[in-house]
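For reference, the chains in residue letters:
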Amino acid sequence: MTHEMPAADSITLLDLQALFPDEDKARAYLEQIRWPKGPECPYCNKGYFEFKKGRIWSLTPNPDKGIRAGLKRCSACKRNFCVTVGTIMEKSHLPLRVWIMGFYMMMSSKTGISALSLQRHLGLGSYRSAWFLCHRIRHCLKQGRTLLTGTVEVDEMYWGGRPRNINGKVKYKPKTPVVGLIQRDGDLRVSIIKRKSKKVRSHEIRRVIKATVDPSAVLYTDEAAMYKPIARKYGGHETVNHSIQQYAKPGGITTNTIEGFFGLFRTGLVGVYHGVGRDYLKKYADEYVFRYNRRKMTDGERMVEALKLAPGCRLTLEQPKRRASGE
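Bear in mind that the values here come from a model prediction, so they are computed numbers and not experimental data.

Colleague: When you look at the overall build of the protein chain in this model, what are you seeing that I'm missing?
Modeller: If you tally the helices and strands in the protein chain, you get eleven helices and twelve strands. Projecting the C-alpha coordinates of the protein chain onto the three principal axes gives extents of approximately 75 × 55 × 50 Å. For the protein chain, buried positions account for 43% of its 327 residues. When contacts within the protein chain are restricted to residue pairs at least 6 apart in sequence, long-range pairs at least 24 apart make up 59% of them. Averaged over its 58 positive side-chain charges, the protein chain has a centre that lies 8 Å from the centre of its 30 negative ones.

Following this line, the structure appears as C-alpha cells:
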C-alpha cells in the first residue's frame with residue numbers, strides 16, 4: 001500500500017487524526033520514515049538493492065497461517081520482519097497510531113507531558129502502559145557525542161533534596177548535581193553527577209567538561225572555584241560574578257542561556273511531573289535536551305526526527321539474576 005507522507009513542517013495534531021484512521025496507513029508512514037529508499041532486513045542488513053531483485057517481498061496477510069499485515073520476507077536469512085523490528089515499538093501491544101500520536105505530543109510539549117495526561121488523551125487502558133510508552137520514547141532521545149566548540153556556557157543546578165519531617169525534626173536529603181553546557185548558536189549537553197552532594201567537586205566538573213568540550217573552546221562560567229583548574233587547559237575563560245548581582249558583561253559574556261534552559265527544565269520537573277527520582281533524571285534530561293536542540297523546528301519536524309531514532313533502540317526489561325546455590 002502506498003501512502004504519500006505529508007510535509008513534516010505542516011503536520012498538526014488534527015492532521016495526524018485524519019491521516020492515520022487505521023493501522024495500515026500508520027504502518028506505511030513509519031515505513032517511509034525508516035526505509036525512504038525501500039525495505040531493509042534488520043537481521044542481515046539486506047537493503048533496497050536486493051529488494052529490486054526479489055530478495056525482500058511483502059507477505060499476503062493470512063490470519064489462519066499467522067501472517068499479519070505488514071510482514072515482509074527476506075530470502076537471504078529466511079526470516080520475516082516488519083517495520084517495528086529492532087525499534088522501541090517492537091513487541092508492543094499498542095497500535096502504531098498511538099505510538100505516532102505519543103511521539104507528536106511529547107515533541108510538541110515545551111515543558112513535557114505527564115504519563116497520566118498521555119493516558120487520558122490517547123485513551124490508554126492503564127497508567128503503566130502510558131508510563132512505559134513515555135520511557136521508551138525517552139530511551140531513543142539520547143544526546144549527541146560531538147564536542148562543543150566556540151563559546152560554551154557552563155553552569156550547574158541541583159535537583160531533589162526536599163525537606164522531610166522525621167520524628168519532629170526537619171532533615172534535608174542530599175541533592176543531585178546536574179551540569180549543563182551549551183554552545184553559542186549550537187547544541188546543548190546535560191550531564192547528571194551520580195553522587196549526591198550539595199556541591200559539585202572539581203574533578204567531577206573536569207571530567208564532564210573534558211568529555212563534552214573541545215580544548216579550543218572558550219568557557220563562560222560563574223566565579224565558582226571548581227572551574228578555574230580545568231579552564232586553564234582551554235582556549236579562554238570568562239566569568240560573571242553572581243554574588244554582586246552581575247549577570248552579564250560587555251562582549252556577550254554571560255551564562256544566561258544555560259540558566260534559561262535550567263529554568264525550563266526545573267519548571268517541567270516541578271510543574272508537570274511534580275518530582276523525578278534520581279535514577280530516572282537522565283532520561284528526562286535527554287528528552288528536554290532533544291527538544292531544546294531542535295527548538296527552531298516545527299512540532300511535526302521534531303516528531304519525524306524522533307521517529308528516525310527509534311530503530312536500534314530496542315528497550316527490554318532486565319532479566320532477573322539467578323541466585324547462587326545456598327542463598
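From this point, things continue past the structure.
Colleague: Any chance you could explain the packing of aromatic side chains here in plain terms?
Modeller: Enumeration according to the criterion identifies eight aromatic pairs in this entry. With centroids separated by 6.1 Å and ring planes inclined at 45°, the aromatic side chains of Phe-261 and Phe-262 adopt a geometry described as tilted. With 4.8 Å between their ring centres and 70° between their planes, Tyr-273 and Tyr-284 make a pair best called edge-to-face. Here the residue Tyr-273 occupies a position in the loop between helix H9 (256–271) and helix H10 (281–293), and Tyr-284 occupies one in helix H10, the gap between them amounting to eleven residues. With relative accessibility at 13%, the residue Tyr-273 sits in the buried group. Under the relative-accessibility criterion, Tyr-284 is labelled buried at 8%. An aromatic cluster of three or more residues is present, and its members are Phe-261, Phe-262, Phe-265, Tyr-288 and Tyr-292. Geometry around Tyr-43 places Arg-79 over its ring, the cationic atom sitting 3.7 Å from the centre. The ring of Tyr-288 carries the charged tip of Arg-291 above its face, separated from the ring centre by 4.7 Å.

Colleague: Sorry if this is basic, but what is going on with unusual backbone geometry here?
Modeller: Most peptide bonds take the trans form, and the phi angle of most residues other than glycine is negative. For Lys-78, which is not a glycine, the phi torsion comes out positive at approximately 60°. Here Lys-78 lies in the loop between strand S2 (72–74) and strand S3 (79–81). Even without being a glycine, His-274 presents a positive backbone phi close to 65°. By the secondary structure assignment, His-274 is in the loop between H9 and H10. For His-274, a relative accessible area of 59% gives the class exposed.

Colleague: Would you mind showing me how to read the pairing of strand S6 (residues 169–172) here?
Modeller: As a general feature of sheets, a regular strand has side chains that alternate between the two faces. In terms of strand pairing, strand S5 (residues 163–166) meets S6 through four bridges, oriented antiparallel. Bridge assignment links Asn-165 to a residue of S6, and that residue is Val-170. Hairpin connection, S5 to S6: the antiparallel pair is bridged by two residues, and Asn-167 has positive phi, about 55°.

Colleague: Please clarify how helix H11 (residues 299–308) should be interpreted in this entry.
Modeller: Among all positions in H11, only Gly-300, Arg-302, Met-303, Val-304, Ala-306 and Leu-307 are buried. Buried residues along H11 sit in contact with helix H1 (13–19), helix H2 (23–34), helix H4 (96–108), helix H6 (127–140) and H10.

Colleague: Explain the nonpolar core to me, please; I cannot follow it from the model alone.
Modeller: In globular proteins that are soluble, nonpolar side chains generally tend to be buried together. Core analysis: the biggest nonpolar cluster contains 48 residues, and Tyr-29, Ile-88, Phe-103 and Met-303 have the highest contact counts within it. Looking at which element gives the most residues to this core, the answer is H4, with ten residues. Those residues within four positions of Met-303 in sequence are excluded, and the remaining contacts are Ile-11, Leu-16, Tyr-29, Ile-100, Phe-103, Tyr-104 and Met-107. Core analysis: the next-biggest nonpolar cluster, separate from the first, contains 21 residues, Ile-182, Val-276, Tyr-284 and Val-289 among them.

What counts and what doesn't
Residues numbered from 1 in each chain as written. Predicted model: local features only at pLDDT ≥ 70, side-chain atom pairs only at ≥ 80, totals over all residues. Heavy atoms only, no water. Helix = DSSP H or I, 4+ residues; strand = E, 2+ residues; numbered from the N terminus. Buried < 20%, exposed > 50% of the residue type's maximum accessible area, 1.4 Å probe, protein only. Contact = heavy atoms within 4.5 Å. Lys, Arg positive; Asp, Glu negative; His and termini not counted. Charge placed at Lys NZ, Arg CZ, Asp CG, Glu CD. Phe/Tyr/Trp six-rings, centres within 6.5 Å; stacked < 30°, edge-to-face > 60°. Lys NZ or Arg CZ within 6 Å of the ring centre and 35° of its normal. Pairing = 2+ DSSP bridges. Core = buried A, V, L, I, M, F, W, Y, C linked by side-chain atoms within 4.5 Å.

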